[in-house]
Structure formats: structure tokens, C-alpha cells
Amino acid sequence: KREIERITNEDIQAKEKKWAKDFPDDQPLKIIPAEDKGVASTLYGYAIQQEADILILGIKSESKIKDLFIGSVANELLVRPTNKSMLFIKPTKR
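Everything quoted here is computed from the prediction, not taken from an experiment.

A.B. asks: For the nonpolar core, give the residues involved together with the corresponding values.
C.D. replies: Core analysis: the biggest nonpolar cluster contains eight residues, these being Ala 40, Tyr 44, Ala 47, Leu 55, Leu 57, Ile 59, Ala 74 and Leu 77. Those elements that place two or more of their residues in this core are α2 (39-49), β1 (54-58) and α3 (72-79). Contact partners of Leu 77, with chain neighbours within four places excluded, come to Ala 40, Leu 43, Tyr 44, Leu 57 and Met 86.

A.B. asks: Please set out the packing of aromatic side chains residue by residue, giving values where relevant.
C.D. replies: Think of a pair of aromatic rings as described by two things: how far the centres are apart, and how the planes are tilted against each other in angle. Inspection of every chain in the model, using the stated rule, returns one aromatic pair. With a centroid separation of 4.5 Å and an interplanar angle of 45°, the aromatic rings of Trp 19 and Phe 23 are classed as tilted.

A.B. asks: Kindly report on the side chain of Thr 42, identifying the contributing residues and their values.
C.D. replies: By the element assignment, Thr 42 lies in helix α2. The buried category is assigned to Thr 42, whose relative accessible area is 7%. Beyond its immediate stretch of four places on either side in the chain, Thr 42 contacts Ile 32, Pro 33, Ala 34 and Lys 37.

A.B. asks: So what about the packing of α2 against α3? Which residues, and what values?
C.D. replies: Where α2 contacts α3, the axes come no closer than 9 Å and their chain directions differ by 55°. The orientation of α2 relative to α3 falls into the category oblique. Here the hand of the crossing between α2 and α3 comes out right-handed. Residue-level contacts link Val 39, Ala 40, Ser 41, Leu 43 and Tyr 44 of α2 to Val 73, Glu 76 and Leu 77 of α3. Of the residues in the contact of α2 with α3, the class split is six nonpolar, one polar and one charged.

A.B. asks: Account for the pairing of β1, naming residues and giving values.
C.D. replies: Consecutive residues of a regular strand have side chains that alternate between opposite faces of the sheet. Going residue by residue along β1, you find Leu 55 and Leu 57 tucked away on one face and Ile 54, Ile 56 and Gly 58 left uncovered on the opposite face. Two strands pair when backbone bridges link them, and β1 and strand β2 (residues 85-89) are joined in this way by five bridges, in the parallel orientation. Note on β2: the bridge partner recorded for Gly 58 is Ile 89.

The rules we used
- All residue numbers here refer to positions counted from 1 along the written sequence of the relevant chain.
- Local features are withheld for residues below a pLDDT of 70 in this predicted model, meaning they are given only at 70 or higher, and side-chain atom pairs are given and counted only at 80 or more; totals for whole chains, interfaces and linings count all residues.
- Side-chain metrics in this entry use all non-hydrogen atoms of the structure; hydrogen atoms and water are not considered.
- As used in this record, nonpolar core signifies buried Ala, Val, Leu, Ile, Met, Phe, Trp, Tyr and Cys residues forming a set joined through side-chain atoms within 4.5 Å.
- When a residue's accessible area, from a 1.4 Å probe over protein chains only, is under 20% of the maximum for its type it is buried; when over 50% it is exposed; and in between it is partly exposed.
- We count a stretch as a helix when DSSP gives it H or I for four or more residues in a row; a strand needs E for two or more, and each element gets its number in order from the N terminus.
- Any two residues whose heavy atoms approach within 4.5 Å at even a single point are treated as in contact.
- Any pair of Phe, Tyr and Trp rings, taking the six-membered ring for Trp, is counted once the centres come within 6.5 Å. Such a pair is stacked with planes under 30 degrees apart, edge-to-face with planes over 60 apart, and tilted for the rest.
- Angles shown run from 0 to 180 degrees and are taken between the N-to-C directions of axes, each axis being a line fitted to C-alpha atoms and, for helices, limited to the stretch in contact.
- An angle below 35 degrees is treated as roughly parallel, one above 145 as roughly antiparallel, one from 65 to 115 as roughly perpendicular, and anything else as oblique.
- Handedness of a helix crossing follows the sense of rotation of the near helix relative to the far helix, less than a right angle counterclockwise being left-handed and clockwise being right-handed.
- Basically, the charged four are Asp, Glu, Lys and Arg, the nonpolar ten are Ala, Val, Leu, Ile, Met, Phe, Trp, Tyr, Cys and Pro, and anything else, Gly included, counts as polar.
- Strand pairing requires that DSSP identify at least two bridges connecting the strands.

Given below as C-alpha cells:
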């Protein structure tokens, strides 16, 4: 377990460093490890903890029938009972 935590922390630090280099004028990147929870549960829990008014989630479907479905994380958040507003953004086709 310690090896996994070490690798996860190294990955987080590398991504935060890259973000700071690529986007020096923006807010720092905040990565929230899911640990033993699912990604949707982790995002929702963080939104509750931060008292967020809205969750904004970019969606990118990888399925062959991508126009019919949204990703599993977005879908799990969409069907969750909540009093939070949610905005799902899907990139335009090129």
C-alpha cells in the first residue's frame, strides 16, 4: 500500500508541476485522489466539503455510439440524488 501511495503522490506532483508550467496565470491544479472510493463519489464528496454551488464536468465519450451516452462518471453523478447544480460540457465535433 505504501508503494501505491508513493507512486500516486509522485504522479500528483508531476501533474501539478506540469499544470503550473503550462498555465502560469491560472489557479493551481488541485488533484483529489479517489483512494478506495469511486471517482464520482470522490468528486461529489469534495463538492459537498467545499460547499460548491455547481459541479462543472467535461464529458468525453469513447464509445462507438458516443452520441447516445455520456461517460460513466458523468452518468453516475447525473442519477445521484442531490441539491447541487450540475453543468456537463461536451466538446464539439470537428
